[in-house]
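Residues per chain are reported as follows:
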Amino acid sequence: MNMLLVLILTLVLAGIQARLPAIAGLRLEFLPALVAYSALTFKQGRAILCAFAAGCLQDALSAGPFGVTALAYAIAAWVIAGLGTVLDRNLPFVPVLAGSIAAIAGAIGAFCIIGVTGAALLKLAGVALIAGLITIPVFFVADT
Amino acid sequence: MGLLVAGWIVFIGQPTAVATKLRMVSSQLSTPFVKLGDYIPIIKSRRDLDNQNRELRAANDLLRQQLRAFDATVAENLRLNKTFAFKERLPYRTLGARVIGRDASNWYKSLQIDRGAADGLRPDLAVLNADGLIGKITAVTRAEARVLLLTDPSCKASALVQSSREPGVVAGMEMTYVDRRAKINPGEAVITSGFGGVFPKGIFIGTIIKGRLDPQTGLYQTLELKPAVNYRRLEEVVVILE
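Starting afresh in each chain, residues are numbered from 1 along the sequence in its written order. A letter from A marks each chain and a number from 1 marks each ligand, given out in the order of writing. In view of the model being predicted, local features appear only for residues whose pLDDT reaches at least 70, and side-chain atom pairs are presented and counted only at 80 or more, with totals across whole chains, interfaces and linings using the full set of residues.

Asker: Describe in detail the overall build of chain A, supporting the description with residues and values.
Answerer: A run of DSSP states H or I qualifies as a helix once it reaches four residues; a run of E qualifies as a strand once it reaches two. Both are numbered from the N-terminal end. Counting its regular elements, chain A contains six helices and zero strands. Each helix (α) and strand (β) of chain A, taken in turn from the N terminus, gives the series α-α-α-α-α-α. In summary, chain A has a C-alpha radius of gyration of 14 Å against a globular reference of 15 Å for 144 residues, a match within 12%. Its C-alpha atoms give chain A principal-axis dimensions of about 35 × 25 × 25 Å. Taking all 144 residues of chain A together, 48% fall into the buried category. Based on C-alpha atoms, the radius of gyration is set beside the globule rule, defined as 2.2 Å times the residue count to the power 0.38. With C-beta atoms placed from the backbone, a residue is labelled by how many other C-beta atoms lie within 10 Å of its own: buried for 20 or more, exposed for 12 or fewer, partly exposed between the two.

Below you can see the structure in the form of structure tokens.
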């Protein structure tokens, strides 16, 4: 899938994400999966650009300060793209790990604003796990 | 005779040219009798009943759908009536709005409403409904606004315990900075104090679940609150403009 299509998919999924209800306090996040996909598919510069755009969308649809998630996702894309040079993208655990890394990066950005509590760390574990699992169908759809 | 019929059935089931021709001939032969069935009252009435049954089932499905839509409309009407009656009772200039989105992130608690700067909204306006305080507006575009919910730790409201008038600050559904000597009873109501300039005085926030001494300083009590509003089911809200 080319970069433009990934950006369009990002736009669509961000809109859907904002309208999904939270289950047990956890909301499905598609954008970390797209950050992971970009980082493991495109060249580093393009991946960072896609991740930054995804973060900007997330910030626009959230009460957090604008730009925090964009920066966090951009850094995550940079890290994942670096890992992608030594890891095989086709191994199932690699996209899952990449999705979790992107979700954790977004959470760290939020923690800088809201602070860290025990409950927030527990929630982070759930968010990272769900983001990792969502990465598998997102990669499947984006690859086909 | 039975063997003959059975043989005939087996024979016409075979895909041979002879069988195909026989099947056509048999079919043509039986056609007048099928037509004849239309003139026999008992068969005709059965067909009519079948048709009528199909039509009634379709009508029933349609009516069920309409009933579901009607139920949803009645529920919405009740909600809107409640919101409107509440809006009329408030001694402020207010504006009703619909919730059109939730926060896209897992880390902040906010709502998106369908009114914006074009309707006179601006940051730091209080948002509530008939049940109690919901939060405040933090960002506004021309046609939409974002409401930071009181359950978000960064949304703070100056508050009072209604009966004892003990002051404190509510953030993330915890009331902090309550005097350590204050006697607190679970179930007591907490309302806004009117200090701070964002939330008007006397808006219901929630009820006290339990209190504990601040573990770090031991100087204050922190009260855990049960919110008055069901934040997950918000559909309409009221914004206080003045």
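Asker: Any chance you could break down helix H6 (residues 118–143) of chain A for me, citing the residues and the numbers?
Answerer: Residues and elements named next belong to chain A. The end-to-end C-alpha distance of H6, which contains 26 residues, comes to 37 Å, matching closely the 38 Å that a straight helix rising 1.5 Å per residue would cover. Restricting attention to buried positions, one finds in H6 the residues Leu-124, Val-127, Ala-128, Ile-130, Ala-131, Gly-132, Ile-134, Thr-135, Val-138 and Phe-139. Structurally, H6 contributes buried residues whose contacts are with helix H2 (31–41) and helix H5 (93–114). Helix span, as expected, comes to 1.5 Å for every residue beyond the first. By the criterion used throughout, residues are in contact when their C-beta atoms, derived from the backbone, lie within 7 Å.

Asker: Break down the packing of H5(A) against H6(A) for me, citing the residues and quoting the values.
Answerer: Residues and elements named next belong to chain A. For helices, the axis comes from a line fit to the C-alpha atoms of the stretch in contact; other axes are also lines fit to C-alpha atoms, and the angle between any two N-to-C directions lies between 0 and 180 degrees. Where H5 meets H6, the closest approach of the two axes is 7 Å, and the angle between their N-to-C directions is 140°. Classified by the interaxial angle, the pair formed by H5 and H6 is oblique. For H5 against H6, the interelement crossing comes out right-handed. In this structure, H5 uses Pro-95, Val-96, Leu-97, Ala-98, Gly-99, Ser-100, Ala-102, Ala-103, Ile-104, Ala-107 and Phe-111 to contact H6, whose residues at the interface are Ala-120, Leu-124, Val-127, Ala-128, Ala-131, Gly-132, Leu-133, Ile-134, Thr-135, Ile-136 and Phe-139. Its residues assigned to classes, the contact of H5 with H6 shows 18 nonpolar, four polar and no charged. Orientation labels follow simple angle bins: below 35 degrees gives roughly parallel, above 145 gives roughly antiparallel, 65 to 115 gives roughly perpendicular, and whatever is left gives oblique. Handedness of a crossing is defined here by the sense of rotation of the near helix relative to the far one, left-handed for an anticlockwise turn of less than a right angle and right-handed for a clockwise turn. The residue classification treats Ala, Val, Leu, Ile, Met, Phe, Trp, Tyr, Cys and Pro as nonpolar and Asp, Glu, Lys and Arg as charged. All others, Gly included, are polar.

Asker: Could you give an account of unusual backbone geometry, with specific residues and numbers?
Answerer: Leaving glycine out, the prevailing phi sign among residues is negative, and the prevailing peptide bond configuration is trans. Residue and element names in this part refer to chain B. Positive phi outside glycine occurs at Asp-124, with the angle close to 75°. Using a count of 12 C-beta atoms within 10 Å as the deciding quantity, one classes Asp-124 as exposed. Non-glycine residue Tyr-177 carries a positive phi angle of around 60°. Note that Tyr-177 resides in strand S8 (residues 174–179). Classification of Tyr-177 as partly exposed rests on a count of 16 C-beta atoms within 10 Å.

Asker: Describe the environment of Ala76(A), listing the residues and the values that go with them.
Answerer: Residues and elements named next belong to chain A. By the element assignment, Ala-76 lies in helix H4 (residues 68–84). Residue class for Ala-76 comes out buried when judged on the 30 C-beta atoms lying within 10 Å of it. The spatial distance from the C-alpha of Ala-76 to the C-alpha of Phe-139 is 17 Å, given a sequence separation of 63 residues. The residues touching Ala-76, leaving out its near neighbours within four places in the chain, are Val-35, Ala-51, Ile-101, Ala-102 and Ala-105.

Asker: Please provide a residue-by-residue account of the interface of chain B and chain A, values included.
Answerer: Opposite the 15 residues of chain B that make contact, chain A presents 17 residues. If you list the elements that add at least two residues to the side of chain B that touches chain A, you get strand S1 (94–102) and strand S5 (145–149) of chain B.

Asker: Which residues make up the nonpolar core, and what values do they have?
Answerer: Joined through C-beta atoms within 7 Å, a set of buried Ala, Val, Leu, Ile, Met, Phe, Trp, Tyr and Cys residues constitutes a nonpolar core. Of all hydrophobic cores here, the largest spans 92 residues; its most connected members are Val35(A), Ala51(A), Tyr73(A), Ala77(A), Ala102(A) and Ile205(B). Here this core takes nine residues from H4(A), the largest share from any one element.

Asker: Which residues make up the pairing of strand S4 (residues 132–140) of chain B, and what are the values?
Answerer: Residue and element names in this part refer to chain B. The criterion for strand pairing is that DSSP finds at least two bridges linking the strands in question. Direction of pairing for strand S3 (residues 126–129) relative to S4: antiparallel, over a ladder of four bridges. Pairing of Val-127 across the sheet is with Gly-135, part of S4. Sheet analysis places S4 next to S5, joined by five bridges and oriented antiparallel. Across the sheet, the residue bridging to Ala-139 is Arg-146, located in S5. The hairpin turn running from S4 into S5, its antiparallel successor, is four residues long.

Everything listed is a geometric property; what it means functionally is a separate question.
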